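Residues per chain, in single letters:
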2 protein chains.
Amino acid sequence: MNAEDMILVSIDDHMIEPPDMYKKHVPAKWLDQAPKVVRNDKGVDEWVFQGQKTSTPFGMSATVGWPKEEWGFNPGAFAELRPGCFDVHERVRDMNVNGVLASMCFPTMAGFNARTFTEVADKNLSLVMLQAYNDWHIDEWCAAYPGRFIPLGIVPMWDVDLAVAEVHRLARKGCRSISFLEAPHGRGWPSFLSGHWDPMLKALVDENMVLSLHIGGAWDLVRLAPEAPIDHTVVIPSQLTMLTAQDLLFGPTLRRFPDLRVALSEGGIGWIPFYLDRVDRHYQNQAWIDNSFGEGKLPSDVFREHFLACYITDPSGLKLREEIGIDVIAWECDYPHTDTTWPEAPESAWKEFQAADCADEEIHRITWQNACRFFDWDPFVHTRRQDATVGALRAAATDVDTARMPRAEWRRRNEAAGLGIV
Amino acid sequence: MNAEDMILVSIDDHMIEPPDMYKKHVPAKWLDQAPKVVRNDKGVDEWVFQGQKTSTPFGMSATVGWPKEEWGFNPGAFAELRPGCFDVHERVRDMNVNGVLASMCFPTMAGFNARTFTEVADKNLSLVMLQAYNDWHIDEWCAAYPGRFIPLGIVPMWDVDLAVAEVHRLARKGCRSISFLEAPHGRGWPSFLSGHWDPMLKALVDENMVLSLHIGGAWDLVRLAPEAPIDHTVVIPSQLTMLTAQDLLFGPTLRRFPDLRVALSEGGIGWIPFYLDRVDRHYQNQAWIDNSFGEGKLPSDVFREHFLACYITDPSGLKLREEIGIDVIAWECDYPHTDTTWPEAPESAWKEFQAADCADEEIHRITWQNACRFFDWDPFVHTRRQDATVGALRAAATDVDTARMPRAEWRRRNEAAGLGIV
């Protein structure tokens, strides 16, 4: 097996939702109240909903096409982006040139868990727009290229009954997962341990859907020094995924829902052997604590029954894949964020597999089999296996320029092509 | 080489300071104002200082002699403890039977960084007692058995100038390190990044002493769910050591003090490969951030120049010792806490070394050479090398009963022997 024989299914990428996303998905009577992109007097495109600025389209969220000197938290305009960020046709071309068969895409304007719709006053209007987001994502973005995207919804977390209903609605539309907050109590919501979210978790189990918890959602759990440098915001989030696992594993959640499946999106894998050593020793050592996992099971066994651990690059973690559990690990691409390995994802992944001396079968599990099993998503319904490999996809990718270009140059090109127009 | 050929130097153990510790170390005019142990009406021994209850002698801090069903946060009386907790002669017998040549002991009644003396009103009196603590520790506890203890002091953190003076005073007494808060800003003090502690760090460097940061000191950095179970308090602390490393590595501290040495006491080692992968990738990837480590160095290089990572048991971490850095790792025993491997520390450590396929030379680095180099402490001044091994020490340990016994039984035996009397 060579790098070109790999099949890559990435369960963590991101969309920069395009300005016209609501057009076809909001009933006419509410259309003028849908979120809108407004270009401010500094040339920055801002989403505005219910009178609030809810997000700018990028900053650090869409650096994929830029030289590194132009990275930063500075917002800009859609036209400055590599169009694969917001245009599904360009996205698929970028997936092809990177050898990626399929992708699960997280929201940007909506927030990892629908923050945009949650932190405004009129929740009835929010529900209309949240559902329009989901419909756009499933019926327009994912449906444009059958077999290339794993649908991922969001739910109205301000009302758990509505969240339950939306899970069922999403399931009927073929959605495979929802994105939710890693640590709800970090943002003032009830914690997973509280039981508040149990109806939603039950709905996910009933619908055979996955709870996807992306890093960043636990950021508010940590009290940083006031002088903490910007490096902390990049380094620390994946180090906190452990807190999410701990809340779910030692709280009542996984005991109540033995069939719940949780993806730790972008959480990395290298922390897991240390964490599992710790929880197993704790469990066996602190015999006075009433925290049984039942049936002679160790916490690490229960961890492996419920979690999928997702990584972009993790050379040390791969070396301990047996300690993690070979079925627990799934690769991801993180396009178009700063940590993405695009357009050399196959080379990056392959190099790490070789350094860790992974067998072919292990590589297949990590790059697609584990993800497809976990999300119960068959990659070969629309694509023959021989057409799904890195080599086959790259052979089909023609005229894709992967060079980094300054933002000004992107603006010139995109405006000429009619892309990214607000 | 066999397990009995190992030399064990533990750089993290704990004393339960005995009730009479202040007797010989406080000038007569202040002696009646020294902290005192008072037995309350529930039979619990409590330290009282300046009218405040400052700590009870144990709870989870001294479980070493008890059956696990009797563990818990329930405080008790000195007489219920295994006397090696508070009696240096018994401690050395317990070290011998466990094959441990030397030990660095952290405070209990004083707090890892002198909390007992810091959180009271009369700081002049506090300084007298803090210095008495240090004098007791160095001149009485450590001096009782030359070559068996590495002296570890505490400093008055309420006044950095006083802390500087105490570092110099400790150095003159032959002290090798101070214990300090892992994350000062977690408890409302200025952070390491603030520069506030720089004079103290300079004093440590000038005196060739080590900054020892024990886990638990970063506990207040994390916002737990209100329903978090007791397991969190045991599992999470070592997972947070990364935050301490991050503050020091990416803040100005290590750049300002290229010769500063920091021991991450009980921090574990298994998190380090994942963390170093992350910081190196971050540093190389986020080229727009002005955070140079100079001279073509990576953050992982700087980490290895400054830190000593200390572990009790860490089977996965040992397998990645090359990724951590073989000179960075040091073993510890954690007597008399719940995580200690006493009295089978040699068997526990040896089993993990064998499972990780460690060479003899690697074992020596981890069990004593790294610690002795880092703390600049020569283990063979008072003990010939052939008498320092596990086998030699155990052969000299006679009549040490290592059986766990109920607290009531300890009370009966200790009171009969005149030990643990308040």
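If you check an unreviewed UniProt entry, chain A appears there as Amidohydrolase from Frankia nepalensis.

**Here's the deal with the relation of the copies chain B and chain A**
Once chain B is rotated about the relating axis by 180° and shifted along it by 0.0 Å, it coincides with chain A to within an RMSD of 0.0 Å. The superposition of one copy onto the other is thereby described by a two-fold rotation axis. Distance from the rotation axis, computed per C-alpha, reaches its smallest value in chain B at Val222 of chain B: 2.4 Å. Same-surface contact between copies: 100% of interface residues of chain B are shared with the interface of chain A.

**Description of the environment of Gly267 of chain A**
If you trace the backbone, Gly267 of chain A turns up in the loop between strand E9 (262–265) and helix H10 (272–285). Between the C-alpha atoms of Gly267 of chain A and His214 of chain A, which are 53 residues apart in sequence, the distance is 7.2 Å. If sequence neighbours within four positions are ignored, Gly267 of chain A has contacts with Ile215, Ser238, Thr241 and Cys310 of chain A together with Phe274 of chain B.

**Digging into the packing of helix H8 (residues 241–250) of chain B against helix H11 (residues 299–306) of chain B**
Working note: a packed helix pair is described by the angle between its axes plus the distance between those axes. Residue and element names in this part refer to chain B. At a closest axis distance of 11 Å, the pairing of H8 and H11 adopts a crossing angle of 105°. Considered as vectors, H8 and H11 are oriented roughly perpendicular to each other. Between H8, through Ala245, Leu249 and Phe250, and H11, the contact on the second element is made entirely by Pro299, Val302 and Phe303. Each residue belonging to the contact of H8 with H11 can be placed in one class, and the counts come to six nonpolar, no polar and no charged.

**A look at the pairing of strand E2 (residues 36–39) of chain A**
All names here are of chain A. As paired strands, E2 and strand E3 (residues 45–49) are joined by four bridges and run antiparallel to one another. From the neighbouring strand, Val37 faces E3, where its bridge partner is Trp47. The loop that links E2 with its antiparallel partner E3 comprises five residues; one of these, Gly43, has a positive phi angle of about 80°.

**A look at the interface of chain B and chain A**
Counting residues at the interface gives 64 residues for chain B, matched by 64 residues for chain A. On the surface where chain B and chain A come into contact, there are six salt bridges. The closest approach of N and O atoms between Asp339 of chain A and Arg281 of chain B, which form a salt bridge, is 3.3 Å. Applying the counting rule to chain B against chain A returns 34 residue pairs in polar contact (both at pLDDT 80 or more). Counting only elements with at least two residues in the side of chain B that touches chain A, the list comes to helix H7 (231–235), H8, helix H10 (272–285) and helix H12 (315–319) of chain B. Sort the elements by how many residues they give to the side of chain B that touches chain A and H10 of chain B lands first, with 10 residues. Residue classes in the side of chain B that touches chain A are distributed as 28 nonpolar, 23 polar and 13 charged.

**Focus: the sheet that holds strand E4 (residues 52–55) of chain B**
Residues and elements named next belong to chain B. Spatially, E2-E3-E4 is the arrangement adopted by the three strands of the open sheet, whose pairing is antiparallel. In the strand order of this sheet, the two ends are held by strand E2 (36–39) and E4, each with one partner. Adjacent strand axes in the sheet meet at a mean angle of 50° when their direction is disregarded.

**So, the pairing of E3 of chain A**
Residues and elements named next belong to chain A. For E3, a buried count of four out of five residues is recorded, marking the element as mostly surrounded by other parts of the structure. Note: E3 against strand E4 (residues 52–55), three bridges, orientation antiparallel. Residue Val48 lies in a different strand from E4, and its bridge partner there is Lys53. Taking the residues that link successive antiparallel strands as the turn, the E3-E4 hairpin has two residues, and the phi of Gln50 there is positive, at about 50°.

**A short note on unusual backbone geometry**
All names here are of chain A. Cis rather than trans, the peptide bond between Tyr335 and Pro336 has omega equal to 5°. Within the secondary structure layout, Pro336 lies in the loop between strand E11 (329–331) and helix H14 (345–355). Note that the residue after Trp342, namely Pro343, is joined by a cis bond; omega there is 0°. Examined against the element boundaries, Pro343 turns out to sit in the loop between E11 and H14. In this structure, Glu295 is a non-glycine residue whose phi angle is positive, near 50°. In this fold, Glu295 is placed in the loop between H10 and helix H11 (299–306). Residue classification places Glu295 among the exposed residues on the basis of a relative accessible area of 75%.

**Focus: the pattern of salt bridges**
All names here are of chain A. Counting across every chain of the model gives 54 salt bridges over all chains. A salt bridge links Asp139 to Lys173, with the shortest nitrogen-to-oxygen separation between them at 2.7 Å. Of this pair, Asp139 sits in helix H4 (residues 123–142) while Lys173 sits in the loop between helix H5 (160–172) and strand E7 (177–180), placing them 34 residues apart in sequence. When its relative accessible area of 40% is taken as the criterion, Asp139 is described as partly exposed. Given the relative accessible area of 25%, Lys173 is considered partly exposed. Between Arg413 and Asp401 there is a salt bridge, with its nearest N and O atoms 3.9 Å apart. Of the two residues, Arg413 sits in helix H17 (residues 407–417) while Asp401 sits in the loop between helix H16 (390–396) and H17, which places them 12 residues apart along the sequence. Given the relative accessible area of 36%, Arg413 is considered partly exposed. On the accessibility criterion, Asp401 (39% relative accessible area) is partly exposed. One salt-bridge network, in which partners are shared between bridges, spans Asp135, Asp139, Glu166, Arg169 and Lys173.

**Concerning the environment of Arg176 of chain B**
Residue and element names in this part refer to chain B. Considering the arrangement of structural elements, one finds Arg176 in the loop between helix H5 (160–172) and strand E7 (177–180). In this structure the C-alpha to C-alpha distance between Arg176 and Ala3, which are 173 residues apart in sequence, comes to 28 Å. If sequence neighbours within four positions are ignored, Arg176 has contacts with Ile150, Pro151, Glu207, Asn208, Met209, Val210, Arg261, Phe375, Asp376 and Trp377. At a separation of 2.6 Å, a polar atom in the side chain of Arg176 contacts the main-chain carbonyl oxygen of Asn208. For Arg176, the side chain forms a polar contact with the main-chain oxygen of Phe375, separated by 2.7 Å.

**Focus: helix H15 (residues 360–374) of chain B**
Residues and elements named next belong to chain B. Over its 15 residues, H15 extends 20 Å from the first C-alpha to the last, a length consistent with the 21 Å expected when each residue adds 1.5 Å. The largest bend in H15 comes to about 55°, at Ile366. What H15 keeps buried is the set Glu362, Ile363, His364, Ile366, Thr367, Trp368, Asn370, Ala371, Cys372 and Phe374.

**Considerations on the nonpolar core**
Membership of the largest hydrophobic core comes to 244 residues, with the highest contact counts inside it found for Phe117 of chain A together with Phe117 of chain B. Among residues more than four places away in sequence, those in contact with Phe117 of chain A are Tyr22, Pro35, Phe49, Met109, Ala110, Lys123, Ser126, Met129, Leu130, Tyr133, Ile154 and Trp158 of chain A.

**Regarding the sheet that holds strand E10 (residues 307–311) of chain A**
Residue and element names in this part refer to chain A. If you trace the six strands from one edge of the open sheet to the other, you get E6-E7-E8-E9-E10-E11, paired in parallel fashion. Of all strands in the sheet, those with a lone pairing partner are strand E6 (152–153) and E11, marking the two edges. Against the sheet, helix H8 (residues 241–250) touches strand E8 (210–214), E9 and E10, its axis set at about 165° to E9.

**Points about the packing of aromatic side chains**
Under the criterion given, the structure shown has 38 aromatic pairs over all chains. Between Phe303 of chain A and Phe307 of chain A, the aromatic rings sit 4.7 Å apart at their centres with planes inclined by 35°, giving tilted as the arrangement. In this pair, the class of Phe303 of chain A matches that of Phe307 of chain A, namely buried. When the ring of Trp368 of chain B is compared with that of Phe380 of chain B, the centres are 5.1 Å apart and the planes differ by 70°; the resulting orientation is edge-to-face. Within this pair, whereas Trp368 of chain B is found in helix H15, its partner Phe380 of chain B is found in the loop between H15 and helix H16 (390–396), the two being separated by 12 residues in sequence. Overall, the relative accessible area of 7% leaves Trp368 of chain B in the buried class. Every member of this aromatic cluster is reached through a ring pair, and the members are Tyr133, Trp136, Trp141 and Phe149 of chain A. A cation sits over an aromatic face here: Arg261 of chain A above Phe374 of chain A, 5.7 Å from the ring centre. Seen from the ring of Trp30 of chain B, Lys29 of chain B lies directly overhead, with NZ or CZ sitting 4.4 Å from the centre.

Conventions used here
Residues numbered from 1 in each chain as written. Chains lettered and ligands numbered in written order. Predicted model: local features only at pLDDT ≥ 70, side-chain atom pairs only at ≥ 80, totals over all residues. Heavy atoms only, no water. Least-squares fit on C-alpha atoms with pLDDT ≥ 70 in both. Contact = heavy atoms within 4.5 Å. Helix = DSSP H or I, 4+ residues; strand = E, 2+ residues; numbered from the N terminus. Axes fitted to C-alpha atoms, helices over the stretch in contact; angles between N-to-C directions. Parallel < 35°, antiparallel > 145°, perpendicular 65-115°, else oblique. Nonpolar A, V, L, I, M, F, W, Y, C, P; charged D, E, K, R; others polar. Pairing = 2+ DSSP bridges. Salt bridge = Lys/Arg side-chain N within 4 Å of Asp/Glu carboxyl O. Polar contact = N/O pair within 3.5 Å; in protein donor to acceptor, adjacent residues only side chain to side chain. Buried < 20%, exposed > 50% of the residue type's maximum accessible area, 1.4 Å probe, protein only. Expected span 1.5 Å × (residues − 1). Bend = angle between axes of the 7 residues up to and from the residue. Core = buried A, V, L, I, M, F, W, Y, C linked by side-chain atoms within 4.5 Å. Phe/Tyr/Trp six-rings, centres within 6.5 Å; stacked < 30°, edge-to-face > 60°. Lys NZ or Arg CZ within 6 Å of the ring centre and 35° of its normal.

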